[in-house]
Amino acid sequence: VDEHGGGQIIPMSCEFEQELMDLQDDKEAQKAFIQECDDEVKKMGLTGPGFAVKSVVPRLIRSGRQSLCLQSFYTAGPKEVRAWTIMKGTLAPQAAGVIHTDFERGFIKAEVANFDDFKALHKGEKGMAKVKEAGKYRQEGKTYVMQDGDIVVFMHNTTGSKKK
């Protein structure tokens, strides 16, 4: 690995992952399969968190996103919450442009809250009221570098045609 520029090695069993995926519609069979594999691991005398029987697909996804320098921000409305993928280091206007090019062109500001702050403060309520009360909801300008997990409302104003 070091000879080829370094990187991360993630051991996995394609056979295990395929079997787990094939059983995704039958939760009882999936649970029994994982228990069977877990029993086999214990018979070999392998114990500890490194030998937990679980899918490595989430780890592959996280590792891939990290290697590609990707992160997500969220938008939320009355009908849906959506995650948007951007490169690390993306400024707020360019992130707005991922949603629609007019948002980038007419960018005014971004109203931002971090997901972890929202999760800790909202207490099951809809909306950002608790986050605002705690002072964790802020306005950012054109130079704001987006952070992984930002929840954003973009303010923009565009006219009918581009100015020349």
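As the structure is a prediction and not an experimental result, all values here were calculated from the model.

S.K.: Summarise the nonpolar core; cite the residues concerned and give the values.
M.R.: What tends to happen in soluble globular proteins is that the nonpolar side chains get buried as a cluster. Residues Phe-73, Ala-92, Ala-110, Met-146, Val-152 and Phe-154 are the most contacted members of the largest nonpolar core, which totals 13 residues. Going through the elements one at a time, strand 2 (81-87), helix 4 (92-99), strand 3 (107-114) and strand 5 (150-156) are the ones with two or more residues in this core. Excluding anything up to four places from it in sequence, Phe-73 contacts Arg-82, Ala-83, Trp-84, Ile-86, Ala-95, Ile-99, Met-146, Asp-150, Val-152 and Phe-154. Core analysis: the second largest hydrophobic core is formed by seven residues, Phe-16, Phe-33, Cys-37 and Val-53 among them.

S.K.: Explain the sheet that holds strand 5 to me, using residue names and the numbers behind them.
M.R.: With mixed pairing, the five strands of this open sheet are ordered in space as 2-1-5-3-4. Unpaired on one side and paired on the other, strand 2 and strand 4 (138-140) mark the two borders of the sheet. Direction aside, neighbouring strands of the sheet carry axes that sit 40° apart on average. The pairing of strand 3 with strand 4 spans three bridges and is classified as antiparallel. Note that in strand 4 the partner of Glu-111 across the bridge is Gln-139. In this fold helix 4 packs onto strand 1 (70-76), strand 2, strand 3 and strand 5, with an angle of close to 125° to the strand it touches most, strand 2.

S.K.: An account of the pairing of strand 1 is requested, with residue identities and associated values reported.
M.R.: Looking at chain direction, strand 1 and strand 2 are connected through seven bridges and run antiparallel. Bridging from a neighbouring strand, Thr-75 pairs with Arg-82 of strand 2. Between the end of strand 1 and the start of strand 2, which pair antiparallel, lie four residues. Alignment of strand 1 against strand 5, held across two bridges, turns out to be parallel. Considered in strand 5, the bridge of Phe-73 is made with Asp-150.

Conventions used here
- Residues numbered from 1 in each chain as written.
- Predicted model: local features only at pLDDT ≥ 70, side-chain atom pairs only at ≥ 80, totals over all residues.
- Heavy atoms only, no water.
- Core = buried A, V, L, I, M, F, W, Y, C linked by side-chain atoms within 4.5 Å.
- Buried < 20%, exposed > 50% of the residue type's maximum accessible area, 1.4 Å probe, protein only.
- Helix = DSSP H or I, 4+ residues; strand = E, 2+ residues; numbered from the N terminus.
- Contact = heavy atoms within 4.5 Å.
- Pairing = 2+ DSSP bridges.
- Axes fitted to C-alpha atoms, helices over the stretch in contact; angles between N-to-C directions.

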